[in-house]
Number of protein chains: 4
Amino acid sequence: MTDKRREIVAAAAALMHSKGYENTKLADILEAAQIGKGQFYHYFSSKHELGLAVLNYRFESWNQRLMENILSSGKDPETKINEMLDWVIEQQRLNQAKCGCVFGNLAVEMSEHDEAFRRKLETVFEIWVSKLKPVLSEMILPVQADPEEINKMAQGIVAMIEGGILLMKSKQDLNVLVNITAQIKFLIRSFVQNQRH
Amino acid sequence: MTDKRREIVAAAAALMHSKGYENTKLADILEAAQIGKGQFYHYFSSKHELGLAVLNYRFESWNQRLMENILSSGKDPETKINEMLDWVIEQQRLNQAKCGCVFGNLAVEMSEHDEAFRRKLETVFEIWVSKLKPVLSEMILPVQADPEEINKMAQGIVAMIEGGILLMKSKQDLNVLVNITAQIKFLIRSFVQNQRH
Amino acid sequence: MTDKRREIVAAAAALMHSKGYENTKLADILEAAQIGKGQFYHYFSSKHELGLAVLNYRFESWNQRLMENILSSGKDPETKINEMLDWVIEQQRLNQAKCGCVFGNLAVEMSEHDEAFRRKLETVFEIWVSKLKPVLSEMILPVQADPEEINKMAQGIVAMIEGGILLMKSKQDLNVLVNITAQIKFLIRSFVQNQRH
Amino acid sequence: MTDKRREIVAAAAALMHSKGYENTKLADILEAAQIGKGQFYHYFSSKHELGLAVLNYRFESWNQRLMENILSSGKDPETKINEMLDWVIEQQRLNQAKCGCVFGNLAVEMSEHDEAFRRKLETVFEIWVSKLKPVLSEMILPVQADPEEINKMAQGIVAMIEGGILLMKSKQDLNVLVNITAQIKFLIRSFVQNQRH
DNA sequence: AATGAATGAGGTTTCATTCAT
DNA sequence: TATGAATGAAACCTCATTCAT
């Protein structure tokens, strides 16, 4: 991927995060990326392709920072969870609790009517869940985890994060999310206790 | 409100639920409501006004069915929670797990850039939280509830529902939501136990 | 003419004076006159008919006040001219030098493309000229007036008034008109002197 | 300014001269300029911007031909005045005495409700007055001109021209304007005589 | 690789007028 | 008389995409 293409994607990513896919107009992107129409269509065959590129671009960085650096680190599971939640809060703080989560936003906007977006978004959440599972398993050691229970709990955690971001966005108040991360920690503690008995 | 106006709102509500506010075009509404452009602008001064009318319309019915009939019924708190979660699942089943929650959808799409929508949506979630609080308080009786803890838990429940719907929508699979409602019940049980000790 | 019809015409007259014929919308008129659409079309067959009614309505009052009360009074010709110019200034002062002359405005807007308006407006200016002629004739007595010269001078005076109002409107400054009335007086004095030699 | 943009402005100028700003519809312009909607909005951000461009376009040519070539020529003042009046008549002859003066027309239509138009139009008339002043001063030489008197007379001349065009338009008869230019010459002669005594 | 002019369907809104009551 | 709902053509403007250079 050339630098210019990357620049365009980065500019579009910021816009689409805030305004959504449809409400981000090509003209906005061209202006933000400081390019002409011809150049855009040289790199992308359509706005739709760019949208998917944005999704992949955000996926890459999310995957690297959250899935790899945090959830796949060698640290103990509690630390991983804490770091994950701190990272989530930090991301929202960066845009003043206003934009929400790119993946959540696009899932809401695109899932029903755009299968390409939907599949990618589904994957994102699946990866998240699948990365959380070993962390949870590790937490309840020495008890052996029931894979089904672990899976549901991982899904519940992701749901609570996404829902927390959604609520936070509607109030434009980061504290909502902070409170909810506390609830998540409580949920996990309860789960661990419960599994151990 | 005349019948015709109500018809238009109802038709628009279905469309906006599925496609969002911006992606629902006036032409879609006119066709669905079987009216002409002029007639539309006889009842509404703008698409924006219609959007808010849709929000209010959905709020009314949600408020009646969920906030009043279910959460304010005379039944015991466990039943209220169960009925609430069943109702949520049922709503999603009605549109094949594809549309998501109108309020969540609009919160994601509109909150950042439209203050009128944001405020109404904020209110919706606040009401939900405030209606859940007495239910939770009743559950932990005879222990006296810590209002702050109750509030956070209520918020956590709403977040988990909204996040669960979001995840469900991205997978187009109702089971996701079903699983998450189970997690919610577990969370509540844990909360009750925890408050009692 | 019923009172209601008159009310409508009066309301429309104020609007059309300020905004012109085309830019005055039926909705503006209905609101200003506090009536419904049905009532409007009961009194008028079209906006065009109303426009002509407005023109006649303004013509009537102008004819009464300026043509009759002032230019056809028994006073000496200098007084008539002075009162006419004072009246013109006073009219413009009433709308803060912003609206201009209804007849001039409509002449500019309508003359080229609407023959009915054009003819009425032409008549207005012809009457004005014809009423000025005897005043000018009287002024140059005992010299007998050359009808052709008198006619041209009368036309020149009307032109200077209308042009003065136009300039005044473009500057939104009543002083422009005041200055020009002084020029008109000078022009008339010069004319009288010239005719007497 | 590209050629296409200029073409659009020229086409719109002819239309707006005849029909006014508001009554010139985008569709008229597109047809006259033989372009599509998209192309129009490529060159102009709005009809309003085009309107101002039309005004500037007409100003440029008027400024060049009348203000520079005629009123700023090295010829004697009487010739300048005569050439100016001949030019004015000639312009009106070109459109069969039907359209009037673009500046006067737009002043009447736009001054009250559009400040951008008003300011430009005000400037046009101010320039005209300011260019006439030295001509008048030169005429009364060797007497030194009273600047205030000169200014008022210049304004009076412009008013009489604009008013003459207005009257001419309402009668659709060029002779009206011809007569009035004769009055203007008489007014100037009287002014010169008066200043010299 | 790059520009930006051109396209044209479709977006929301306006409006004088007609019609059912 | 009077209401205001209904009509639909036409208003201004937007936008993703294509095309000529």
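As a reminder, the structure under discussion sits directly above these lines.
If you're wondering where the values come from, they're calculated on a predicted model, not measured in any experiment. Per chain, residue numbering runs from 1 following the sequence as it is written. Starting at A for chains and at 1 for ligands, labels are handed out in the order in which the entities are written. With the structure being a predicted model, the display of local features is reserved for residues of pLDDT at least 70 and the display and counting of side-chain atom pairs for 80 or more, all residues being used for whole-chain, interface and lining totals. Note that water and hydrogens are dropped before the side-chain values are worked out from all heavy atoms of the structure.

J.: Give me the pattern of salt bridges: which residues, what numbers.
T.: Note on pairing: side chains with opposite charge can pair once their charged atoms come close. Residue and element names in this part refer to chain B. Salt bridge, as used here: a side-chain nitrogen of Lys or Arg that lies within 4 Å of a carboxyl oxygen of Asp or Glu. Taken as a whole and assessed by the stated rule, the structure comprises 44 salt bridges over all chains. For the salt bridge of glutamate 115 with arginine 118, the shortest nitrogen-to-oxygen distance reads 2.3 Å. Placement of the pair is glutamate 115 and arginine 118 together in helix H7 (residues 115–139), with a separation of 3 residues, close to one helical turn. Among the residues examined, glutamate 115 registers a relative accessible area of 37% and is labelled partly exposed. Only DSSP runs of H or I covering at least 4 residues are called helices, and only runs of E covering at least 2 are called strands; the numbering of each starts at the N terminus. We call a residue buried when its accessible area falls under 20% of the maximum for its residue type, exposed when it is over 50%, and partly exposed in between, using a 1.4 Å probe and counting protein chains only.

J.: Would you mind going over the arrangement of the chains in detail, with residue names and values included?
T.: In this analysis, two residues are considered to be in contact whenever any of their non-hydrogen atoms come within 4.5 Å of each other. With respect to C-alpha atoms, chain A approaches chain D no nearer than 12 Å, and the pair has no contact. Note that chain B does not reach chain D: the shortest distance linking a C-alpha of one to a C-alpha of the other is 21 Å.

J.: Quick one: what's the story with the protein's contact with DNA strand F, residue by residue and with numbers?
T.: Distances are taken per atom, and a residue is near a molecule or strand as soon as one of its heavy atoms is within 4 Å of it. With respect to spatial proximity, 28 residues lie near DNA strand F, and among them B:Gln39, B:His42, C:Gly38, D:Lys37 and D:Tyr41 are the closest. A share of 61% of the atoms of DNA strand F within 4 Å of the protein falls on sugar and phosphate groups. Residues adjacent in sequence count toward polar contacts only when both atoms are side-chain atoms; beyond that, a polar contact is any pair of N or O atoms within 3.5 Å, and within protein one must be able to donate a hydrogen and the other to accept it. The contact in question runs from a phosphate oxygen of DNA strand F to an N or O atom on the backbone of A:Leu26, over 2.8 Å. Counting residues per element, the ones that place at least two in the surface near DNA strand F are helix H3 (37–43) of chain A, helix H3 (37–43) of chain B, helix H3 (37–43) of chain C together with helix H2 (26–33) and helix H3 (37–43) of chain D. Residue polarity is assigned by list, with Asp, Glu, Lys and Arg as charged and Ala, Val, Leu, Ile, Met, Phe, Trp, Tyr, Cys and Pro as nonpolar; anything else, Gly included, falls into the polar class. Of the residues assigned to the surface near DNA strand F, the class counts are 7 nonpolar, 12 polar and 9 charged.

J.: How would you explain helix H1 (residues 3–19) of chain C if you had to name every residue and give the values?
T.: Counted at 1.5 Å a residue, the expected span for H1(C) with its 17 residues is 24 Å, and the 24 Å between its end C-alpha atoms agrees. Trailing H1(C) by a residue or two, C:Gly20 shows a phi angle of about 85 degrees, which is positive. The span one expects for a helix is its residue count, reduced by one, times 1.5 Å.

J.: Give a detailed account of the protein's contact with DNA strand E, specifying residues and quantitative values.
T.: Around DNA strand E there are 27 residues in total, and A:Gly38, A:His42, B:Tyr41, D:Gln39 and D:His42 lie nearest to it. Between A:Gly38 and DNA strand E, the recorded distance is 3.4 Å, taken from a backbone N or O atom to a base nitrogen. A:His42 places a polar side-chain atom, nitrogen or oxygen, 2.4 Å from a phosphate oxygen of DNA strand E. Put simply, the parts of the chain that give the surface near DNA strand E at least two residues each are H3 of chain A, H3 of chain B, H3 of chain C together with H3 of chain D. For the surface near DNA strand E, the per-class residue count stands at 6 nonpolar, 12 polar and 9 charged.

J.: Talk me through the relation of the copies chain D and chain C; I want residue IDs and the actual numbers.
T.: When the copies are superposed, the least-squares fit draws on C-alpha atoms of residues that have pLDDT of at least 70 in both. The two copies are related by a screw motion: chain D maps onto chain C through a turn of 180 degrees and a shift of 0.1 Å along the axis, at an RMSD of 0.1 Å. Seen this way, the second copy is the image of the first under a two-fold rotation axis. Considering only C-alpha atoms, the part of chain D nearest the rotation axis is D:Gly163, at 1.8 Å. A share of 100% of the interface residues of chain D reappears at the interface of chain C, consistent with the copies meeting face to face through the same patch.

J.: Please give an account of the relation of the copies chain A and chain B that cites residues and values.
T.: When chain A is fitted onto chain B, the two copies agree to an RMSD of 0.2 Å after a turn of 180 degrees and an axial shift of 0.1 Å. Take the interface residues of chain A: 100% of them recur as interface residues in chain B, which is what a same-surface contact looks like.

J.: Tell me what's going on with the interface of chain D and chain C, and back it up with residues and numbers.
T.: Contacts between the two partners involve 43 residues from chain D, matched on the other side by 43 residues from chain C. In total, about 4,000 Å² of surface goes out of reach between chain D and chain C, with carbon and sulfur atoms giving 62% of it. Scanning the region where chain D abuts chain C turns up 2 salt bridges. A salt bridge links C:Lys171 to D:Glu126, with the nearest nitrogen and oxygen atoms 3.3 Å apart. In this structure, the connection of chain D to chain C is made through 10 residue pairs in polar contact (both at pLDDT 80 or more). Secondary structure elements with two or more residues in the side of chain D that touches chain C: helix H1 (3–19), helix H6 (102–110), helix H7 (115–140), helix H8 (147–171) and helix H9 (174–196) of chain D. The element best represented in the side of chain D that touches chain C is H8(D), accounting for 15 residues. Among the residues forming the side of chain D that touches chain C, the class breakdown is 15 nonpolar, 16 polar and 12 charged. Defined in terms of a 1.4 Å probe, buried area is the accessible area two parts forfeit on being brought together, summed over both.

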